[in-house]
Amino acid sequence: QVQLVESGGGLVQAGGSLRLSCAASGSGLSINAMAWYRQAPGKQRELVADITSGGRTNYADSVKGRFTISRDNAKNTVYLQMNSLKPEDTAVYYCYARIRRGYYSDYGDYWGQGTQVTVSS
């Protein structure tokens, strides 16, 4: 069974920083892309940032220069460092990973349970 477990959300003042972590658990995992999405109340889920297994990154325009995505392949973990936070960054943040278990398995899409990030003005 594959699980993505997130941590690091919370309440922070505008201008502050938070670091989110997401660890994939399970045996024999091969992880392709990893990403962070977010969903604010009344809005659709949106991509925040993604990273390939080789470390190539992509960011939403709204977070460029403020957020940094990284991953530790040895730990099957992806991180999101969020600096200069704004009230409009308030949302539930979800971890995503494309994972297969074993060389002959197909890749599947996996999601974390979500972690709340609240930025006060």
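Structural data are supplied above this passage.
Residues numbered from 1 in each chain as written. Predicted model: local features only at pLDDT ≥ 70, side-chain atom pairs only at ≥ 80, totals over all residues. Heavy atoms only, no water.

Participant: Hey, could you run me through the pairing of strand 4 (residues 29-39) in this one?
Facilitator: Pairing geometry for strand 4 and strand 9 (residues 91-101), over nine bridges, is antiparallel. Looking across to strand 9, one finds that L29 is bridged to R101. (Pairing = 2+ DSSP bridges. Helix = DSSP H or I, 4+ residues; strand = E, 2+ residues; numbered from the N terminus.)

Participant: So what exactly am I meant to see when it comes to the sheet that holds strand 1 (residues 3-7) here?
Facilitator: The pairing of strands in a sheet comes from backbone hydrogen bonds and takes either a parallel or an antiparallel form. In space, the four strands of this open sheet follow the order 1-3-8-7, with antiparallel pairing throughout. The open sheet has two free edges, formed respectively by strand 1 and strand 7 (67-72), since each of these has just one partner strand. Across this sheet, the average inter-strand angle for adjacent strands is 15°, counted without regard to direction. Sheet topology places strand 1 next to strand 3 (residues 18-25); five bridges connect them, and they run antiparallel. Each bridged residue has a counterpart across the sheet, and for L4 the counterpart in strand 3 is A24. (Axes fitted to C-alpha atoms, helices over the stretch in contact; angles between N-to-C directions.)

Participant: Which parts of the structure should I look at to understand the pattern of salt bridges?
Facilitator: Any two side chains of opposite charge can pair if their charged atoms end up close together. Overall, the coordinates contain five salt bridges when judged by the stated rule. In this structure, R38 and D89 form a salt bridge, with 3.0 Å as the shortest nitrogen-oxygen distance. In this pair, R38 is assigned in strand 4 and D89 in the loop between strand 8 (77-82) and strand 9, connecting sequence segments 51 residues apart. When its relative accessible area of 6% is taken as the criterion, R38 is described as buried. Between R98 and D109 there is a salt bridge whose closest N-O contact spans 2.7 Å. Taken as a pair, R98 in strand 9 and D109 in strand 10 (residues 108-111) lie far apart in primary sequence, 11 residues in all. A relative accessible area of 31% places R98 in the partly exposed class. One salt-bridge network, held together by shared partners, links R38, E46, R66 and D89. (Salt bridge = Lys/Arg side-chain N within 4 Å of Asp/Glu carboxyl O. Buried < 20%, exposed > 50% of the residue type's maximum accessible area, 1.4 Å probe, protein only.)

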